[in-house]
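Coordinates in review
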Amino acid sequence: MPKVLITGADRGLGFALCKEFLRRGWIVFGGKFLQDYDLLEQEREKNPSLHIVPLDVGDTESIAKSRDYVAEKTGSLDMLISNAALMGQVQCSIDEPPMDLQAPWNSFRVNALGPVHLAEYYLPFLDKGDMKRLCFISSEVSCITLMKHRSGNSYPYPMSKSSLNMGVRLMHNLLFSQGYSFRLYHPGWMKRQMQDSTLSELAALDPADTAAHAAKYFETPLRDEHRLIMYDYLSQEWPF
């Protein structure tokens with residue numbers, strides 16, 4: 001059975017991806033950060049192919065411990081899906097002085113540097129896998145050319161997601177020749193998932209629908225793997 005590690009799996013898209021890959025017959029390692037959510041625990045009771053991994057992608061010690069936990073279960077992974085992200089509006093914009101300079105660092109640590117650091121720690125597992133695929137959840141706000149007519153965005157999230165895209169590009173430059181393939185994905189505006197598993201009315205998309213589309217894209221080989229593109233939930237290519 002193929003094996004995947006999914007970060008930010010407590011709720012929303014990450015949790016939906018766990019369920020989708022389990023449905024597709026994968027062994028899933030779901031990264032857990034939110035202690036007040038038990039959706040992963042409920043799912044594990046129904047499916048022993050799910051392993052819950054405590055994981056804060058912004059913390060080196062936590063990444064190392066997660067690696068050690070996964071090593072107890074397996075020596076290889078076929079896919080890594082970096083989904084965890086720090087979101088939310090914070091006071092960090094020149095039109096809302098004073099700027100909070102700690103907020104951007106927190107966003108960069110989790111959203112941009114965390115996924116690259118995670119890949120570094122898990123490359124030995126992926127080296128031994130059959131697929132060697134690295135998947136990253138990005139966002140439309142990472143696209144610099146498309147932000148020119150938008151106002152009102154706090155700086156940390158868009159800036160950190162643009163930096164994530166650059167990190168993925170640099171990894172692609174290094175690892176594609178070693179047999180690795182990459183997916184960069186914009187999932188759209190999804191409904192927030194509550195602790196009781198219900199979804200908020202705000203937003204347009206059900207995380208389960210997006211997860212089904214994303215999983216198919218992540219799993220399917222492409223004819224032009226040498227091209228690094230950002231793809232979205234409507235099967236469209238985005239500039240980044």
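Presented here is a report on the structure given in the accompanying data block. (Residues numbered from 1 in each chain as written. Predicted model: local features only at pLDDT ≥ 70, side-chain atom pairs only at ≥ 80, totals over all residues. Heavy atoms only, no water.)

Some words on the nonpolar core
- Among the nonpolar cores identified, the biggest contains 32 residues, and Y122, L134, F136, V168 and F182 are the most heavily contacted of them.
- Every element with two or more residues in this core is listed here: β2 (27-32), α3 (60-73), α4 (102-127), β5 (133-137), α5 (156-175) and β6 (181-186).
- Aside from chain neighbours lying at most four places away, what touches Y122 is L5, I63, S66, R67, V70, L77 and L80.
- Counting residues in hydrophobic clusters, the runner-up holds 29 residues, among them L17, L22, Y185 and A214. (Core = buried A, V, L, I, M, F, W, Y, C linked by side-chain atoms within 4.5 Å. Buried < 20%, exposed > 50% of the residue type's maximum accessible area, 1.4 Å probe, protein only. Helix = DSSP H or I, 4+ residues; strand = E, 2+ residues; numbered from the N terminus. Contact = heavy atoms within 4.5 Å.)

Digging into a nonpolar patch on the surface
- On the surface, a cluster of nonpolar side chains totalling about 330 Å² of accessible area is made up of I94, M99 and L101.
- With respect to the helices and strands, the residue L101 is situated in the loop between β4 (79-82) and α4.
- Among the residues examined, L101 registers a relative accessible area of 64% and is labelled exposed. (Patch = residues over 30% accessible without salt bridge, like charges linked within 9 Å, V, L, I, M, F, W, Y side chains within 5 Å. Areas by Shrake-Rupley, 256 points an atom, 1.4 Å probe, with all protein chains shown as cover. Salt bridge = Lys/Arg side-chain N within 4 Å of Asp/Glu carboxyl O.)

What to know about the packing of aromatic side chains
- In the structure shown here, the tally under the stated rule is 6 aromatic pairs.
- Relative to Y217, the ring of Y185 has its centre 6.2 Å away and its plane inclined at 35°; by these criteria the two rings are tilted. Linking Y185 in strand β6 with Y217 in helix α6 (residues 207-219), this pair joins segments that are 32 residues apart in sequence.
- Among the residues examined, Y185 registers a relative accessible area of 0% and is labelled buried. (Phe/Tyr/Trp six-rings, centres within 6.5 Å; stacked < 30°, edge-to-face > 60°.)

Things to note about the layout of surface pockets
- One number sums up the size of the second largest pocket: a volume of about 240 Å³.
- Around the second largest pocket, the lining comprises 17 residues; the ones closest to its centre are F15, A16, K19, Q193 and A208.
- Put simply, the parts of the chain that give the lining of the second largest pocket at least two residues each are α1 (12-23), α2 (39-46) and α6.
- Examining the composition of the lining of the second largest pocket, we find that 6 residues originate from one element, α1, more than from any other.
- Its residues assigned to classes, the lining of the second largest pocket shows 7 nonpolar, 4 polar and 6 charged. (1 Å grid on protein atoms, 1.4 Å probe; cavity = no way out; pocket = protein on both sides within 12 Å on 5 of 7 lines; lining within 4 Å. Points joined across faces, edges and corners; volume = space filled by probe spheres on them. Nonpolar A, V, L, I, M, F, W, Y, C, P; charged D, E, K, R; others polar.)

A closer look at the pattern of salt bridges
- Enumeration according to the criterion identifies 11 salt bridges in this entry.
- Notably, a salt bridge pairs D68 with R67, separated by 3.5 Å at the nearest N-O pair.
- For R67, a relative accessible area of 28% corresponds to the partly exposed category.
- The closest approach of N and O atoms between E225 and R133, which form a salt bridge, is 3.6 Å. Residue E225 is located in the loop between α6 and β7 (230-232), and its partner R133 is located in strand β5; the two are separated by 92 residues in the primary sequence.

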